[in-house]
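Fold and geometry: a report
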Amino acid sequence: MDPNAVSKAFVDHYYSTFDTNRPGLANLYQEASMLTFEGQQFQGAQNIAAKLANLPFQQCQHSITTVDCQPSGPAGGMLVFVSGNLQLAGEQHALKFSQLFHLIPTPQGSFYVQNDIFRLNYA
């Protein structure tokens, strides 16, 4: 398993789902998962999905600039650090963002998001 290929596939799937079917992101989290979104913490798949579904915008488009990946721990986890631009519908300028995912393998051979930290980057 190539960690870079896995992280790229995850990032493509995550942001495509975020942009087109945000409630579908709930499947990527478990009850022990935690999201820190702009300093606010949410735990559990349903709480995380509710936060993401209730953001103050409905339509957006992510464009990814960088994806960095490192193996994490003996169980085959991965840290995935993403930077990019977030274009909101009706806004002229895109917002810059950074996001860190800690992916944990499942017994079924896929991954879930254990930790997710999101920040807008203000210049």
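For the structure given in this document, a descriptive report is provided here.

Quick notes on the rules
Residues numbered from 1 in each chain as written. Predicted model: local features only at pLDDT ≥ 70, side-chain atom pairs only at ≥ 80, totals over all residues. Heavy atoms only, no water. Helix = DSSP H or I, 4+ residues; strand = E, 2+ residues; numbered from the N terminus. Buried < 20%, exposed > 50% of the residue type's maximum accessible area, 1.4 Å probe, protein only. Polar contact = N/O pair within 3.5 Å; in protein donor to acceptor, adjacent residues only side chain to side chain. Contact = heavy atoms within 4.5 Å. Core = buried A, V, L, I, M, F, W, Y, C linked by side-chain atoms within 4.5 Å.

1. Thoughts on the side chain of Ser 98
One can find Ser 98 in strand β5 (residues 95–105). For Ser 98, a relative accessible area of 16% gives the class buried. A polar side-chain atom of Ser 98 sits 2.8 Å from a polar atom in the side chain of Asn 121. Setting aside residues up to four positions removed in sequence, Ser 98 forms contacts with Phe 81, Val 82, Ser 83, Ile 117, Phe 118, Arg 119 and Asn 121.

2. Focus: the side chain of Ser 33
As for its placement among the helices and strands, Ser 33 is situated in strand β1 (residues 29–37). On the accessibility criterion, Ser 33 (0% relative accessible area) is buried. Side-chain polar atoms of Ser 33 contact the backbone nitrogen of Gln 30, separated by 2.8 Å. At 2.5 Å, the side chain of Ser 33 and the backbone oxygen of Val 113 are in polar contact. Those residues in contact with Ser 33 that sit more than four places away from it in its chain are Phe 42, Gln 43, Gly 44, Ile 48, Tyr 112, Val 113 and Gln 114.

3. Considerations on the nonpolar core
For soluble globular proteins, the rule of thumb is that nonpolar side chains tend to be buried together. With 30 residues, the main nonpolar core has Phe 10, Tyr 14, Phe 18, Tyr 29, Leu 52, Phe 101 and Leu 103 as its most contacted residues. Not counting residues within four places of it along the chain, the set of residues in contact with Phe 101 comprises Phe 10, Tyr 14, Tyr 15, Tyr 29, Met 78, Leu 79, Val 80, Val 82, Val 113, Asn 115 and Asp 116.

What is shown is where atoms sit, not what they do.
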